[in-house]
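Geometric and topological summary
Take a look at the letters that make up each chain.
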Amino acid sequence: MRVLICEDSVLLREGLVRLLAHSGHQVVADLPEASGLMDFLETASAGEFPQICILDVRLPPTYTDEGIRAALELRKKYPDLPVLVLSQYVEERYASELISTQSSAIGYLLKDRVADVSEFIASLEQIAGGGTILDQEVVAQLLTRRNHDDRMQNLTDRERTVLAALAEGKSNQAIAALLFLSEASVEKYITSIFQKLGLEADGTGNRRVLAALAHIETLGTNRTDRTGS
């Protein structure tokens, strides 16, 4: 798998390069800032073009939102290019912006997750394969933030737990093992969740979760706009 890294921390950037190389992946570029990102992609040959991009949320020169803006630009210009955003801590607004693209092959993880090498590589490969991985802390904050929404209030505690696990990229089998349920029970919970959220089940769990979270976020945003609060 060809990987492009955009990370200002020399220590983390070099660590990622070594980790990926050790895992059999090729780092085609490791950039300290987002300014050269588009230039690289526009001039890269077929053998150099990345199969996934890893970006830090905060990059030079202002260390505010350069990374997330670069990620959003990537989603517009290269919608099929998988993107993984890394953040030091949960930044809800940035996570919501990324999720609102409503596309697959996307991830938002806290940097702490890199410490678990096998889990990080598995997440990276899942995103590159078209999956969606959202850090459990991001999921928890987004769902808690939208608790006031009528549709979210219709979910039982168990259904919220299943929805959060789905958003983390867990399979039905993994959720069943985590919650000590049968896979059939998990499927029933998932069907119920999307019925209550008013979303059609389309058979693609990651897309459904993205749609659900984006839908919840949109409902909350629209409600805020209407009330002016």
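Let me begin by describing the structure that accompanies this report. (Residues numbered from 1 in each chain as written. Predicted model: local features only at pLDDT ≥ 70, side-chain atom pairs only at ≥ 80, totals over all residues. Heavy atoms only, no water.)

Most of strand 4 (residues 83-87) sits out of view: 5 of its 5 residues are buried. Burial of strand 4 is two-sided: the residues Val 83, Val 85 and Ser 87 facing one way and the residues Leu 84 and Leu 86 facing the other way are all buried. As judged from the 4 bridges shared by strand 3 (residues 52-56) and strand 4, these two strands associate in the parallel manner. Residue pairing in the sheet places Leu 55 in a bridge with Val 85 of strand 4. In terms of handedness, the path from strand 3 via helix 3 (residues 66-77) over to strand 4 forms a crossover that is right-handed. (Buried < 20%, exposed > 50% of the residue type's maximum accessible area, 1.4 Å probe, protein only. Helix = DSSP H or I, 4+ residues; strand = E, 2+ residues; numbered from the N terminus. Pairing = 2+ DSSP bridges. Right-handed = clockwise from strand over helix to strand, strands pointing away.)

With that settled, the discussion passes to the sheet that holds strand 5 (residues 106-110). If you trace the 6 strands from one edge of the open sheet to the other, you get 2-1-3-4-5-6, paired in parallel fashion. Edge strands, defined here as strands with exactly one partner in the open sheet, are strand 2 (26-31) and strand 6 (132-134). On average, adjacent strands in this sheet sit at an angle of 20° to one another, irrespective of strand direction. Examined bridge by bridge, strand 1 (residues 2-6) and strand 2 share 5 bridges and lie parallel to one another. Looking across to strand 2, one finds that Leu 4 is bridged to Ala 29. Against the sheet, helix 4 (residues 92-99) engages strand 4, strand 5 and strand 6, with an angle of about 165° to strand 5. (Axes fitted to C-alpha atoms, helices over the stretch in contact; angles between N-to-C directions. Contact = heavy atoms within 4.5 Å.)

The next point concerns helix 1 (residues 10-22). Helix length check: helix 1 (13 residues) gives 18 Å between terminal C-alpha atoms against 18 Å at 1.5 Å per residue, within 8%. Looking at helix 1, one finds that the buried residues are Leu 12, Arg 13, Leu 16, Leu 19 and Leu 20. Burial along helix 1 is one-sided: seen end-on, the buried residues are contained in an arc of 130°. Summarising the geometry of helix 1, the exposed residues directed more than 90 degrees from the buried face are Leu 11, Arg 18, Ala 21 and His 22. The secondary structure elements touched by the buried residues of helix 1 are strand 1, strand 2, strand 3, strand 4 and helix 5 (117-128). Gly 24 occupies a position one or two residues after helix 1 and carries a positive phi of about 90°. (Expected span 1.5 Å × (residues − 1). Arc of directions from axis to C-beta.)

An ideal rise of 1.5 Å per residue puts 16 Å on 12 residues; helix 3 measures up with 16 Å between its terminal C-alpha atoms. Within helix 3 the residues assigned to the buried category are Glu 66, Gly 67, Ile 68, Ala 70, Ala 71, Leu 72, Leu 74 and Arg 75. Buried-residue contacts for helix 3 involve helix 2 (37-43), strand 3, strand 4, helix 4 and strand 5.

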